[in-house]
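Listed below, chain by chain, are the residues.
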Amino acid sequence: MSVAGTFNQWDPRASPLVRAGANGMWTATLKLPAGQHQYAFVVDGVRWVPDPAAPAVDDGYGRRNSVLTL
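Throughout what follows, the structure given in this document is the object of discussion.

A look at the pairing of strand S4 (residues 36–43)
One ladder, built from 4 bridges, connects strand S1 (residues 2–5) with S4; its direction is antiparallel. When the sheet's bridge partners are listed, Ser-2 is paired in S4 with Val-42. Of the strand pairs in this sheet, S4 and strand S7 (residues 64–69) are connected by 4 bridges, and their pairing is antiparallel. For Gln-36, the partnering residue across the bridge sits in S7 and is Thr-69. Pairing of S4 with strand S5 (residues 47–49) involves 3 bridges; the strand directions are antiparallel. The residue bridging Val-42 from the neighbouring strand is Trp-48, located in S5. Remark: 3 residues form the turn of the hairpin made by S4 and S5, two consecutive strands paired antiparallel; Asp-44 in that turn has positive phi of roughly 55°.

In structure tokens, the structure reads:
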């Protein structure tokens with residue numbers, strides 16, 4: 001599992017997630033500049049999934065991207 005977005009040129013290998021504890025949560029620590037960042041989770045290297053806990057926007061290609069504003 002990984003996170004890909006505007007902050008890593010949508011590279012699904014650039015920001016892997018690691019399991020954090022027994023609660024099933026996944027985590028990554030990234031240093032991002034202020035502004036708006038679009039992203040999606042990449043599951044099993046092939047399935048791109050928006051974050052259900054974040055606002056989303058249309059990506060222009062029929063999918064939804066999650067949005068994080070810092």
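Here the narrative resumes.
Here's the deal with the side chain of Ser-66
You can see Ser-66 is positioned in strand S7. Taking relative accessible area as the criterion, Ser-66 reaches 0% and is therefore assigned buried. A distance of 2.6 Å separates a polar atom in the side chain of Ser-66 from the backbone nitrogen of Asp-51.

Remarks on the pairing of S7
Summarising the sheet, strand S6 (residues 56–58) and S7 pair through 3 bridges and their orientation is antiparallel. Each residue of the ladder has a partner; that of Asp-58, found in S7, is Arg-64. What sits between the antiparallel neighbours S6 and S7 is a turn of 5 residues, in which Gly-60 has the positive phi angle 85°.

Regarding the side chain of Ser-15
Its place among the elements puts Ser-15 in the loop between S1 and strand S2 (18–20). Reaching out from Ser-15, the side chain makes a polar contact with the side chain of Asn-8 at a distance of 3.0 Å. Not counting residues up to four positions away in its chain, the partners in contact with Ser-15 are Ser-2, Val-3, Phe-7, Asn-8 and Leu-30.

The rules we used
Residues numbered from 1 in each chain as written. Predicted model: local features only at pLDDT ≥ 70, side-chain atom pairs only at ≥ 80, totals over all residues. Heavy atoms only, no water. Pairing = 2+ DSSP bridges. Helix = DSSP H or I, 4+ residues; strand = E, 2+ residues; numbered from the N terminus. Buried < 20%, exposed > 50% of the residue type's maximum accessible area, 1.4 Å probe, protein only. Polar contact = N/O pair within 3.5 Å; in protein donor to acceptor, adjacent residues only side chain to side chain. Contact = heavy atoms within 4.5 Å.

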